[in-house]
Amino acid sequence: MILSPKHLPRLAAIVGLFTNYGLREFAKRQGLLNLQGAGLAGSDGEGDGDVAGKAKAFRKRLVELGPAYIKLGQVLSTRPDLLPRPYIDELEHLQDDVPPMPLEQVEETVEAELHARLSKLFESFEPEPLGSASLGQVHAALLRDGRSVVIKVQRPNLREQLAEDIEFFHELASFLTEHTSAGSRVDLIGVVQQVERALADELDYRTEARNAAAFRKALATFPHILIPRVIDAYTTHKVLTTERIRGVKIDSIPPIARTEYDFSELAEEFAHAYLHQITDSGHFHADPHPGNVFIVLPGRENPRTPAEAAADDRRLEVRRGATALVESENEAKAAAVAAPPRDDPKLALIDFGMTAHLTGTMRDHVVRLLLAMAENHGDAAAETLIEIGQAPEGFDRAAYIRDVSALIAQHADQTVEDTPAGIILYEMITIAFREGLKLPAELTLLAKALFNLDAVTRSLDPSFNPTESIREYTSEIANKMARREMSPSRLFQIAAETSSLVRALPHRLDVFTQKLVADDFAVRVDTPQLGSLLLGLEKVANRIFTGLVLGGLLVASGLLMAYQRSLGILGFLIAAAIGLWMVARILISDRSSRKRKGKT
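Residues numbered from 1 in each chain as written. Predicted model: local features only at pLDDT ≥ 70, side-chain atom pairs only at ≥ 80, totals over all residues. Heavy atoms only, no water.

**Describing the overall build of the protein chain**
Okay, so step 1: Counting its secondary structure elements, the protein chain contains 24 helices and 11 strands.
Okay, so step 2: By the burial criterion, 45% of the 600 residues in the protein chain qualify as buried.
Okay, so step 3: Counting contacts in the protein chain only where the partners sit at least 6 residues apart, residues at least 24 apart contribute 73% of the total.
Okay, so step 4: In the structure as shown, the protein chain presents an accessible area of about 31,400 Å², 56% of it carried by carbon and sulfur atoms. (Helix = DSSP H or I, 4+ residues; strand = E, 2+ residues; numbered from the N terminus. Buried < 20%, exposed > 50% of the residue type's maximum accessible area, 1.4 Å probe, protein only. Contact = heavy atoms within 4.5 Å. Areas by Shrake-Rupley, 256 points an atom, 1.4 Å probe, with all protein chains shown as cover.)

Encoded structure:
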């Protein structure tokens, strides 16, 4: 494969990621080392050093290469079928910590996007950033009405750089798909499209704002789950303003807080809220790692949940929201349940840049899959994954079911701490890759979400059993689905469809019997490959006939050489011409057939 000259430095960089950090054999198997320009990557770097050290260096190098590679690393962290486990574990902690933007650049972007001076927009604006990443930077501020907020500001000139990186990723994925064994088993183009979609969402802060509002409304029935509200008037494509959460990270809960509060109910509510996202709406937060989840303890100034906002709202009539986000907040308050006591701790979620959507059919499959895993039914789990995925020609269905059943049976007798649901699903995806079963990218995001769900709930309550919670909740969802199928609206739909069939049935039976009596009844068998088969047989017959003519001409010419030398030579020349023509036709025909087969 010949890449555009502008892509050669990127090719050298991505090949160097594998050859210099302990993955040379992996790169060789995937065909990366055969690409023109791969030699630019330098030495193989397969020297001494432990795997964990190389994985850490691999992660740091991704950060150095820029935001597109960071996002690629985040996507790869959900794909145990592509990278060894130590690298997956390291990429789980991928943080794009980069030098902060100058304050002047931040002010210029905010003022250009919000069309006002910083001093007019905010009561105060903290010059020191709360955090700095490759795509944006976060500052704390105080609105004129006294609310504490955080402002995420996008770095300038990102789109041009990212567009070239994504173009290169597409070109490389296309090559690997066509020329490597991994490309035939893994949807590499789908991986790149996943990176592209994630970057497109993160470059448009309005998308993250809509996600946050959607989750705030969807989880309003869980009174202890806090999603900060988006400040619509202060949010654009490059600036995102939300209420500020003041809490402690889930993995840094003070020991004294554990003596004052019982977090077990909070863990249960968070698990149910997360399963509700996956199985009900199908729109779930794909990256709930401990850095994005905070414990909000009483006594600190924090935003209100929809339940608390509804309880404090004394208006008799709620006016329709002027924007979609304001109206979403009204709907969240309308759907909220009774507010919990003010001295209860809460769980706050932030950063909704990476989300995933499941179709209705996929949600049904996921419910069955989670229930099968929770009940240790390996055969049912394997069958569900086969339905979800794309089985290649020659797929060994029995071997896959046997391997998945053995995996689930192996974990059935282990303790809860040793069997997180996310790890089991990761291992099932790895088995699918080994057997050649292609699974959708949403399933790997689901595995990552379940893995982080395990981490968050056990940080809250080390004795919490996520598997038991999954079993109870998915059973409840399955019962709801069954009741929905028997609901009056569904029964009315079935009756309407049945009435249409019954109304048309007499006429169809009349037409059928008329054709049967008139001996005009026929059955058509559609065989799409019959034409190709006949064409192939015709080609074989033509070649055999030409070969017989050629053989007869050679024998006759040989006999004539003793009596009529000139006629014998002429016969050999004619035979040679026919033989060359026949060979050329065979080569040209076979080559065109291979090309047509490759296109199909």
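**A few points about the packing of helix 13 (residues 264-281) against helix 20 (residues 441-460)**
Okay, so step 1: The interhelical angle for the contact between helix 13 and helix 20, taken along N-to-C directions, is 165°, at an axis separation of 9 Å. On the basis of the axis angle, helix 13 is roughly antiparallel to helix 20. Judged by the twist between their axes, the crossing of helix 13 over helix 20 is right-handed. Contacts between helix 13 and helix 20 involve L266, A267, F270, A271, Y274 and I278 on the former and, on the latter, L446, A449, L450, L453, V456, T457 and L460.
Okay, so step 2: Taken together, the residues of the contact of helix 13 with helix 20 sort by class into 12 nonpolar, 1 polar and no charged. (Axes fitted to C-alpha atoms, helices over the stretch in contact; angles between N-to-C directions. Parallel < 35°, antiparallel > 145°, perpendicular 65-115°, else oblique. Left-handed = near helix turned anticlockwise from the far one by under 90°. Nonpolar A, V, L, I, M, F, W, Y, C, P; charged D, E, K, R; others polar.)

**With respect to the pattern of salt bridges**
Okay, so step 1: Tallied over the entire structure, the rule returns 18 salt bridges.
Okay, so step 2: Here D312 and R342 are joined by a salt bridge, their closest N and O atoms 2.9 Å apart. Within this pair, whereas D312 is found in helix 14 (residues 306-312), its partner R342 is found in the loop between helix 15 (324-335) and strand 10 (346-349), the two being separated by 30 residues in sequence.
Okay, so step 3: Assessed through its relative accessible area of 32%, D312 is described here as partly exposed.
Okay, so step 4: Residue R342 is classed as partly exposed on the basis of its relative accessible area, which comes to 49%.
Okay, so step 5: Because the salt bridges share partners, they merge into one network encompassing R304, E308, D312, R342 and K346. (Salt bridge = Lys/Arg side-chain N within 4 Å of Asp/Glu carboxyl O.)

**Describing the side chain of S328**
Okay, so step 1: Within the secondary structure, S328 is located in helix 15.
Okay, so step 2: When its relative accessible area of 10% is taken as the criterion, S328 is described as buried.
Okay, so step 3: Apart from the residues lying within four places of it in its own chain, the contact partners of S328 are A213 and K217.

**Overview of the pairing of strand 3 (residues 136-143)**
Okay, so step 1: Most of strand 3 is tucked away: 6 of the 8 residues are buried.
Okay, so step 2: Direction of pairing for strand 1 (residues 122-125) relative to strand 3: antiparallel, over a ladder of 3 bridges. Counted as the bridge partner of F122 is L143 from strand 3.
Okay, so step 3: Bridging between strand 2 (residues 131-132) and strand 3 involves 2 bridges; their strand directions are antiparallel. What sits directly across from S132, in strand 3, is Q137.
Okay, so step 4: As consecutive antiparallel partners, strand 2 and strand 3 are separated by 3 residues.
Okay, so step 5: Judged from the 7 bridges that link them, strand 3 and strand 4 (residues 148-154) form a sheet pairing that is antiparallel. Within strand 4, the residue paired with A140 across the bridge is V150.
Okay, so step 6: Between strand 3 and strand 4, which pair antiparallel in sequence order, lie 4 residues; one of them, G146, sits at a positive phi of approximately 95°. (Pairing = 2+ DSSP bridges.)

**Brief notes about the nonpolar core**
Okay, so step 1: Core analysis: the largest hydrophobic core is formed by 73 residues, its most contacted members being I225, F284, L347, Y400, L425, M428 and L460.
Okay, so step 2: Those residues in contact with I225, other than ones at most four positions away along the chain, are L219, E269, F270, A273, T305, L347 and L349.
Okay, so step 3: Of all hydrophobic cores here, the second largest spans 34 residues; its members include I14, A68, A173 and L199. (Core = buried A, V, L, I, M, F, W, Y, C linked by side-chain atoms within 4.5 Å.)

**Thoughts on the sheet that holds strand 5 (residues 225-226)**
Okay, so step 1: Strand order in the open sheet made by the 4 strands is 5-10-9-7, with mixed pairing throughout. A single partner strand is all that each edge strand has here, and the edge strands are strand 5 and strand 7 (248-249).

**Topic: the packing of aromatic side chains**
Okay, so step 1: Going through the model one piece at a time under the given rule, you end up with 9 aromatic pairs.
Okay, so step 2: Between the aromatic rings of F58 and Y87, the centroid separation amounts to 5.5 Å while the plane-to-plane angle is 85°, which identifies the pairing as edge-to-face. Of the two residues, F58 sits in helix 3 (residues 51-65) while Y87 sits in helix 5 (residues 85-91), which places them 29 residues apart along the sequence.
Okay, so step 3: Assessed through its relative accessible area of 2%, F58 is described here as buried. (Phe/Tyr/Trp six-rings, centres within 6.5 Å; stacked < 30°, edge-to-face > 60°.)

**With respect to the packing of helix 16 (residues 360-374) against helix 17 (residues 378-388)**
Okay, so step 1: Two elements in contact, helix 16 and helix 17, have axes separated by 8 Å at closest approach and are oriented at 160°. When the axis of helix 16 is compared with that of helix 17, the two are roughly antiparallel. Helix-helix and strand crossings are classified by hand; for helix 16 and helix 17 the assignment is left-handed. Facing helix 16, whose interface residues are M362, H365, R368, L369, A372 and M373, helix 17 presents A380, A381, T384, L385, E387 and I388.
Okay, so step 2: Its residues assigned to classes, the contact of helix 16 with helix 17 shows 8 nonpolar, 2 polar and 2 charged.

**Digging into the environment of K438**
Okay, so step 1: Mapped onto the fold, K438 is located in the loop between helix 19 (421-435) and helix 20.
Okay, so step 2: For K438, a relative accessible area of 27% gives the class partly exposed.
Okay, so step 3: The sequence separation of K438 and Q390 amounts to 48 residues, and the corresponding C-alpha distance is 5.0 Å.

**Thoughts on helix 16**
Given 3.6 residues per turn, any residue in an α-helix points the same way as the ones three and four places further on.
Okay, so step 1: Taking 1.5 Å of rise per residue, the 15 residues of helix 16 would be expected to cover 21 Å, and the 21 Å separating its terminal C-alpha atoms lies within 8% of that figure.
Okay, so step 2: For helix 16, the complete set of buried residues consists of M362, H365, V366, V367, L369, L370, A372, M373 and A374. (Expected span 1.5 Å × (residues − 1).)

**Comments concerning the confidence of the model for the protein chain**
Okay, so step 1: When pLDDT is averaged along the protein chain, the result is 79; 80% of the residues meet or exceed 70.
Okay, so step 2: Averaged pLDDT values for the elements of the protein chain fall to 60 in helix 2 (residues 24-29) and rise to 95 in strand 6 (residues 239-243). (pLDDT = per-residue confidence, 0-100.)

**Some words on a nonpolar patch on the surface**
Okay, so step 1: Where nonpolar side chains cluster on the molecular surface, the patch consists of L560, L567, L570 and I574 and spans about 320 Å² of accessible area.
Okay, so step 2: With 3 residues, helix 24 (residues 565-599) is the single largest residue contributor to the nonpolar patch.
Okay, so step 3: By the element assignment, L567 lies in helix 24. (Patch = residues over 30% accessible without salt bridge, like charges linked within 9 Å, V, L, I, M, F, W, Y side chains within 5 Å.)

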